[in-house]
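Chains, contacts and geometry: an overview
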Amino acid sequence: MTLYQRYPVYLTNSLSGKKEKFETLTPGFVGMYVCGPTVYNYVHLGNTRTFLSFDVIFRYLRFIGYKVRYVRNITDVGHLENDADEGEDKIGKKARLEQLEPMEIVKRYTEDFHTVMRQFNILPPSIEPSATGHIVEQINITKKLLDLGLAYEVNGSVYFDVKKYNQSHHYGILSGRNIEDLIESGRTLDSQDEKRDKIDFALWKKASPQHIMRWPSPWGEGFPGWHIECTVMSTKYLGETFDIHGGGMDLKFPHHECEIAQATSANGKSPVHYWIHSNMLTVNGQKMSKSLGNSFLPSELFSGNHKLLEKGYSPMTVRFFMLQSHYSSTLDFSNEALNAAEKGFKKLSNALSSVKKMRLTKNSSNPELEKSLLHQIDRCFINMSDDFNTAKTLAVLFEMASQINTLAGAKEIILSENVFEKFKSTYLSMMEDVLGLTEESGGNHELLNGTVNVLINLRKKVRADKNFALSDRIRDDLKAIGIQLKDGKDGEMSYEIES
RNA sequence: GGUUCCGUGGCCGAGUGGCUAGGCUGAGCUCUGCAAAAGCUCCUACAGCGGUUCGAAUCCGCUCGGAACCUCCA
């Protein structure tokens, strides 16, 4: 029996708005697509939260025994400033502003994105396709939609006919809207707009003479629209129907709605079984976004070099901070909360390092304690399988950490070996493999380690001689430069570098 | 205006009908030569008003407050 059979996953499907039992299309296999970044600028902390949420989902599904193909794209063309006639491609615009080739822009910000992902210990996806690598497929599906009569061409641009689609399907099924409301509200049409209806969206745009990014097509030189890339790439690597499609809440409409319309039209079937949307990171209750100017770059957060920050916080502190809330809730960002997270994470991290060193004294049954340990192990999985509830899982890990500290401080550990090992390995793997929370080295060099050990040995000697004045001085002086000595019960000493 | 969501103790943040969230902060105790770390104990909330129910933070209605989407945004 696999872990996923023992602890079946339930997740909130945005399509139904309900928590549903997770049943994969192919037993044991999961296909998951997540909308990646548009690489026209540095990723900010809000963007990072989404990728972190799906990283944990990916990690957990894998951990409980699924074979997961995780596709996360890079959008390097086609994301328009707006969908009106004069809409400019985001990459193209940045290239113009910075006087660089579009591919230079793409390269720079893709690398930044990857660096940030590594810093936060976010695993790379199985496949990371780019939109420009799939121009041919995007042209093909556009042709197909034209042939089906669900798209129309105007002056070298092709648009999706939402009203026509809505005659046989429900456009707005995901975001709970109906087409009449959409037509009534929203922005008015630009007079020179080529679209038949303002809710139609571009599949292919004609490139104006000054437009840098352009490819030949049956409709002349142009570039693909924003939504079509995800349909093409998800279909190509995961099939016409796949298990999970994720992304930030703000992509639900129109981006994901358009994906559903295109894919359903082109393939004759609904593309996705479970839609998962992660919620926004907020600052003072407002969404963190570039346009509002309240966004943080990860590097600013690490260094503390930002007007809203009192100090810097490590990547793992931030990762822990984000995992304390559920992915579907908004999370408010503040110095106070980060400070609390820093201390909380340190506690878990210390327990992680002691659990690695912990050894059994005697292999013998201890029913009462074992029952409690097994219960904690069980709850880790139950909580994670319940819509990937990292907050609840962390609560159990804190209990386990207390247990670990108690055991580590005990004279002897008497337990059945299999329970002991299971307990250790669950704490370890929940922390490191599932939640991706690893110990931070804190610049722990060999030379420094040796030097501190010289002082520790010296202090042991003077302590044995009851020369407490000197013993305290060694400790205080080290403390002053950021090294905290800790005296163990057995006369052993350890140290910790404070940030 | 339309669609959706939220309002939990000093702070952050889980929790969807009865059973302890958890972290941080604060107070006290234990251990320790003294610290630090660790362990234990305490501080017991659910925006307001009504309703359903034996019983509601949890369901329903209204009021107040806040947010997201409807235009690019993870």
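This text gives an overview of the structure that appears in the document. This is a predicted model, so every value here is computed, not measured.

What counts, and at which threshold
Residues numbered from 1 in each chain as written. Chains lettered and ligands numbered in written order. Predicted model: local features only at pLDDT ≥ 70, side-chain atom pairs only at ≥ 80, totals over all residues. Heavy atoms only, no water. Helix = DSSP H or I, 4+ residues; strand = E, 2+ residues; numbered from the N terminus. Buried < 20%, exposed > 50% of the residue type's maximum accessible area, 1.4 Å probe, protein only. Contact = heavy atoms within 4.5 Å. Areas by Shrake-Rupley, 256 points an atom, 1.4 Å probe, with all protein chains shown as cover. Lys, Arg positive; Asp, Glu negative; His and termini not counted. Charge placed at Lys NZ, Arg CZ, Asp CG, Glu CD. Core = buried A, V, L, I, M, F, W, Y, C linked by side-chain atoms within 4.5 Å. Domains from an automatic or database assignment. Expected span 1.5 Å × (residues − 1). Near = heavy atom within 4 Å. Polar contact = N/O pair within 3.5 Å; in protein donor to acceptor, adjacent residues only side chain to side chain. Nonpolar A, V, L, I, M, F, W, Y, C, P; charged D, E, K, R; others polar. Salt bridge = Lys/Arg side-chain N within 4 Å of Asp/Glu carboxyl O. Phe/Tyr/Trp six-rings, centres within 6.5 Å; stacked < 30°, edge-to-face > 60°. Lys NZ or Arg CZ within 6 Å of the ring centre and 35° of its normal. Pairing = 2+ DSSP bridges. Axes fitted to C-alpha atoms, helices over the stretch in contact; angles between N-to-C directions. Parallel < 35°, antiparallel > 145°, perpendicular 65-115°, else oblique. Left-handed = near helix turned anticlockwise from the far one by under 90°.

The subject of this paragraph is the overall build of chain A. Counting secondary structure elements, chain A contains 17 helices and 17 strands. Across the 499 residues of chain A, 51% fall into the buried class. Here the contacts in chain A between residues at least 6 apart in sequence split such that 73% fall between residues at least 24 apart. In the form shown here, chain A has an accessible surface area of approximately 23,000 Å², with 50% of it arising from carbon and sulfur atoms. Positive and negative side-chain charges in chain A, numbering 60 and 63 respectively, have mean positions lying 5 Å apart.

Next up on the list: the nonpolar core. Leu45, Tyr60, Leu61, Phe333, Leu397 and Tyr427 are the most contacted members of the largest nonpolar core, which totals 127 residues. When residues of this core are assigned to their parent elements, the largest contribution, nine residues, is made by helix H2 (residues 45-63). Looking at this core, you find at least three residues from each of domain 1 (3-278) and domain 2 (283-434). With near-sequence residues (within four places) excluded, Tyr427 lies in contact with Leu348, Ala351, Leu352, Val355, Leu397, Met400, Ala401 and Ile404.

Our next topic: helix H16 (residues 446-464). End to end, H16 covers 27 Å across 19 residues, agreeing with the expected 27 Å (1.5 Å per residue, within 8%). Considering only its buried residues, H16 is in contact with helix H17 (468-480), strand S16 (483-487) and strand S17 (493-497). Downstream of H16 by a residue or two, Lys466 has a phi angle that is positive, lying close to 60°.

This part takes up the protein's contact with RNA strand B. As a matter of local geometry, RNA strand B sits amid 63 residues, with His79, Lys90, Trp226, Leu251 and Met288 nearest to it. The separation between a sugar or linking oxygen of RNA strand B and a polar main-chain atom of Gly248 is 2.5 Å. At a separation of 3.2 Å, a sugar or linking oxygen of RNA strand B approaches a polar backbone atom of Gln324. Sort the elements by how many residues they give to the surface near RNA strand B and helix H14 (residues 390-409) lands first, with seven residues. Here the residues of the surface near RNA strand B are counted per class, giving 16 nonpolar, 27 polar and 20 charged.

This part is about the side chain of Ser157. Tracing the backbone through its elements, the reader meets Ser157 in strand S6 (residues 157-160). Ignoring anything within four residues of it in the chain, the contact list for Ser157 reads Tyr152, Glu194, Trp204, Lys205 and Lys206.

What follows concerns the pattern of salt bridges. For the structure on display, the rule yields 25 salt bridges. Across the salt bridge formed by Lys346 and Glu496, the nearest N and O atoms sit 2.9 Å from each other. Of this pair, Lys346 sits in helix H12 (residues 335-357) while Glu496 sits in strand S17, and the two are 150 residues apart along the sequence. Residue classification places Glu496 among the buried residues on the basis of a relative accessible area of 15%. Each of Arg459, Arg463, Asp472, Arg475 and Asp487 takes part in a single network of salt bridges with overlapping partners.

Under the criterion given, the structure shown has 19 aromatic pairs. Pairing Tyr60 with Phe388 gives two aromatic rings, centres 6.3 Å apart and planes at 80°, and the pair type is edge-to-face. With Tyr60 in helix H2 and Phe388 in the loop between helix H13 (367-385) and H14, this residue pair connects regions lying 328 residues apart in the sequence. The exposure classification of Tyr60 matches that of Phe388, with both residues buried. Linked through ring pairs, Tyr4, Phe22, Tyr66 and Tyr274 together constitute an aromatic cluster. Its guanidinium or amino end placed over the ring of Phe58, Arg62 lies 5.0 Å from that ring's centre, counting from NZ or CZ. A cation over a ring is seen here: Arg177 above Phe253, with NZ or CZ 4.4 Å from the ring centre.

Okay, the sheet that holds strand S11 (residues 281-283) next. Pairing is mixed in the open sheet, where three strands are placed in the order S12-S11-S13. Because the sheet does not close on itself, it has two edges, and the strands there are strand S12 (286-287) and strand S13 (331-333). Pairing of S11 with S12 involves two bridges; the strand directions are antiparallel. Across the sheet, residue Val283 finds its bridge partner in S12, namely Gln286.

A cis amide bond, omega 0°, links Phe253 with the succeeding residue Pro254. Even without being a glycine, Asn121 presents a positive backbone phi close to 60°. Looking at where Asn121 falls in the secondary structure, it is placed in the loop between helix H4 (102-119) and helix H5 (135-147). With phi around 55°, Phe388 is a residue other than glycine that occupies positive phi space. By relative accessible area, which is 2% here, Phe388 ends up buried.

When the terminal C-alpha atoms of H12 are compared, their 34 Å separation across 23 residues agrees well with the 33 Å that a helix rising 1.5 Å per residue should span. Among the residues making up H12, those that are buried are Asn335, Leu338, Ala341, Glu342, Gly344, Phe345, Leu348, Ser349, Ala351, Leu352, Ser354 and Val355. On its buried face, H12 sits against helix H11 (315-323), S13, H14 and helix H15 (417-434).

Summarising burial for strand S7 (residues 201-206): five of the six residues are buried, a large majority. As defined by bridge partners, S6 adjoins S7 across three bridges and the pair is classed as antiparallel. In the strand pairing of S7, Val158 is matched with Trp204. With three bridges connecting them, S7 and strand S8 (residues 222-224) associate as antiparallel partners. Looking across to S8, one finds that Lys205 is bridged to Phe223.

A separate point is the packing of H13 against H14. Packing of H13 against H14 brings their axes to within 8 Å, and their N-to-C directions diverge by 155°. Our classification of the angle between H13 and H14 gives roughly antiparallel. In terms of crossing hand, the pair formed by H13 and H14 is left-handed. Counting all contacts with H13, which are made through Leu369, Ser372, Leu373, Gln376, Ile377, Arg379, Cys380, Asn383 and Met384, the residues of H14 involved are Thr390, Lys392, Thr393, Val396, Leu397, Glu399, Met400, Gln403 and Leu407. Per-class residue counts for the contact of H13 with H14 are nine nonpolar, six polar and three charged.

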